[in-house]
Amino acid sequence: MSRARRNSESTHSRRSFLQSALVTGAASALYPALGAARAGASSASEGSACPEPNPGVKPFELDEITIAELQEGMKSGRFTARSLVEKYTARMEEIDKHGPAINSIIELNPDALTIADGLDEERKAKGSRGPLHGIPVLIKDNIDTADRMMTTAGSLALAGSKPPKDSFLAQRLRAAGAVILAKTNLSEWANIRSNHSTSGWSGRGGQTKNPYALDRNPCGSSSGTGAGISANLAAAGIGTETDGSIVCPSSANGLAGIKPTVGLVSRSGIIPISHSQDGAGPMCRTVRDAAILLGALTGLDPEDSATAASAGKSQTDYAQFCDPNGLKGACIGVARKYFGFNDAVDALMEQALDVMKKQGATLVDPADIETHGKFGESEFLVLLYELKADLNAYLARLGPGAPVRTLKDIIEFNERNWQKEMPYFGQDVFLKAEGKGPLTEKEYVDALATNHQLARSEGIDALMDKHKLDAIVAPTGGPAWLTDLLNGDHDSGGSSNAAAVAGYPNINVTAGFISGLPVGISFFGRAWSEPTLIRLAYSFEQATKARQAPRFLASVG
């Protein structure tokens, strides 16, 4: 869960600072009237030249390459799964551990080359399994793998932890022929330990940097996946989200990120926060790649009862919904109450809305969720109860050899090792969660019912029924903030909370750039509406082509 998103509702009530912003690069061409149309953003003619890319970062053969292009390269003999692993591993050494030192990778899979060799032999003997055969993938270090890699959620309390079996998600990736290349750093415990945390920092992994500007934050909690995939350290990545932890780092790192409906992708074997909100999903450089990856992850899992609801509603091929004309005839609601936290972001969003209209969409503007701002407290209360119950259940699955067995054990470990685990922020949320009782308590039951009523039936569903909407759009967040370990995160706003609390899908797509930093727009809607959202997001992406590869600047000033 992104701390940024936990504070998003209260942030909207604060007066936003007036940012002097420049829209640079590709976004200048996409939105030429931006500066003249809205305050807070300079037009292209007024803007200064873009800073030069980091001279220490050389061009990379696989920069911005897609899954389809990699498959074509393996088919033609230009690449093999082994050569891809070797190329990406060398790039990690060059720019993740040295050079700009993004620090997105927490652990490299020591068996990646062996796995790749086996997949190459299989391709020769039997052909390809599908679009992910031989494709290197990064996964977040809260996803269990029963191999020589640890699964720690970035915490030293779980150092050495080796789960007894693969998570369902890891099983699905391996079955599709993907190479799990490495695990990524994250906001420790998926950013649920403290309300004063810094996104992208963990006791085990340290601080991940934003590849667009190294002094900026990558957002979280899927920080390493966001930074690593944006920096072209693998073809595709997996993040997890409770509230904002896929879409926010996707926005801050210029990615297409899909937070699926709860139950579409199994959570068994993923270190949890909340069974009512947790989900795992793809983070890729294009919507099509994210759709390809999502299709490989779905399936019924008896160990995650939520997946039963996906029967008859899931797909194994979401790429089929990538229609460049997908916006034509669509009815889209503009959730204006998520705007207003940053003038330059508002200006960029106006240009994004103009693109949608020119592509044939009808906008209902405004189309605000009537319960906006009313379920922040109940959401946090539910998370406190479920964190304790779900984390204790996960730790019990690790067996008698687990380094810690309960949330209480983790709290005590952090207190004993505070110099390494709590040098910048504490564990106030952990302490609150430990004080909660079982999930049978009335306080929890009532709060969960409130969440579902306000976010679902009286929230997203009511709004979409009223206006017959295909989707709702809003800014995902603002430009990445400066990383500040002493004071913690200081984002200005976001829109992830309604879809997160409802357990509904949400897709981030890059809308443009402000002062060289990517800013995303979110498409969200009803449960199981991933096909519709992918169609809309892909059409918007193709109309704008907004993504730019990061330049690894020391700062944007």
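A short tour of the structure in this document, coming up. Predicted model only: the values in this text are computed from it and were never measured. (Residues numbered from 1 in each chain as written. Predicted model: local features only at pLDDT ≥ 70, side-chain atom pairs only at ≥ 80, totals over all residues. Heavy atoms only, no water.)

## A look at the overall build of the protein chain
At step 1: Along its length, the protein chain carries 20 helices and 15 strands.
At step 2: The C-alpha atoms of the protein chain give a radius of gyration of 22 Å, which matches the 24 Å a tight globule of 557 residues would have.
At step 3: Out of the 557 residues belonging to the protein chain, those deemed buried represent 63%.
At step 4: For the protein chain, the proportion of contacts with a sequence separation of at least 24, taken over those separated by at least 6, is 78%.
At step 5: Carbon and sulfur atoms make up 53% of the accessible area of the protein chain, which amounts to about 19,000 Å² in all.
At step 6: Taking the average place of the 56 positive charges on the side chains of the protein chain and the average place of its 62 negative ones, the gap between the two points comes to 2 Å. (Helix = DSSP H or I, 4+ residues; strand = E, 2+ residues; numbered from the N terminus. Rg over C-alpha atoms; globule rule 2.2 N^0.38 Å. Buried < 20%, exposed > 50% of the residue type's maximum accessible area, 1.4 Å probe, protein only. Contact = heavy atoms within 4.5 Å. Areas by Shrake-Rupley, 256 points an atom, 1.4 Å probe, with all protein chains shown as cover. Lys, Arg positive; Asp, Glu negative; His and termini not counted. Charge placed at Lys NZ, Arg CZ, Asp CG, Glu CD.)

## Notes on the environment of aspartate 446
At step 1: Along the chain, the position of aspartate 446 falls in helix α18 (residues 442-467).
At step 2: Overall, aspartate 446 belongs to the partly exposed group, its relative accessible area being 34%.
At step 3: When the C-alpha positions of aspartate 446 and serine 378 are compared, they lie 8.7 Å apart, and in sequence the two are 68 residues distant.

## Considering the pairing of strand β9 (residues 256-259)
At step 1: Because side chains alternate across β9, one face comprises the buried residues Ala256 and Ile258, and the other comprises Gly257 and Lys259, equally buried.
At step 2: Here β9 runs beside strand β10 (residues 279-284); their pairing, made up of two bridges, is antiparallel. Bridge pairing in β10 places alanine 256 opposite cysteine 284.
At step 3: In this structure, β9 lies alongside strand β14 (residues 506-514), joined through three bridges in antiparallel fashion. (Pairing = 2+ DSSP bridges.)

## As for helix α20 (residues 530-544)
At step 1: In a regular helix each residue adds 1.5 Å, so 15 residues correspond to 21 Å; α20 covers 21 Å between its end C-alpha atoms and thus fits that length.
At step 2: Once α20 ends, the next one or two residues include lysine 545, with phi positive near 50 degrees. (Expected span 1.5 Å × (residues − 1).)

## Focus on the packing of aromatic side chains
At step 1: Per the stated rule, a full pass over the model turns up eight aromatic pairs.
At step 2: With a centroid separation of 5.4 Å and an interplanar angle of 80 degrees, the aromatic rings of tryptophan 201 and phenylalanine 425 are classed as edge-to-face. Placement of the pair is tryptophan 201 in strand β6 (residues 201-202) and phenylalanine 425 in the loop between α16 (418-421) and α17 (428-434), with a sequence separation of 224 residues. Grouping residues by exposure puts tryptophan 201 and phenylalanine 425 together as buried. (Phe/Tyr/Trp six-rings, centres within 6.5 Å; stacked < 30°, edge-to-face > 60°.)

## Observations regarding the side chain of arginine 216
At step 1: By secondary structure assignment, the location of arginine 216 is in the loop between β7 (206-207) and α10 (223-230).
At step 2: At a separation of 2.9 Å, a polar atom in the side chain of arginine 216 contacts the main-chain carbonyl oxygen of alanine 480.
At step 3: Apart from residues lying up to four places away in sequence, arginine 216 is in contact with Lys209, Asn210, Ala480, Trp481, Leu482, Thr483, Leu517, Val556 and Gly557. (Polar contact = N/O pair within 3.5 Å; in protein donor to acceptor, adjacent residues only side chain to side chain.)

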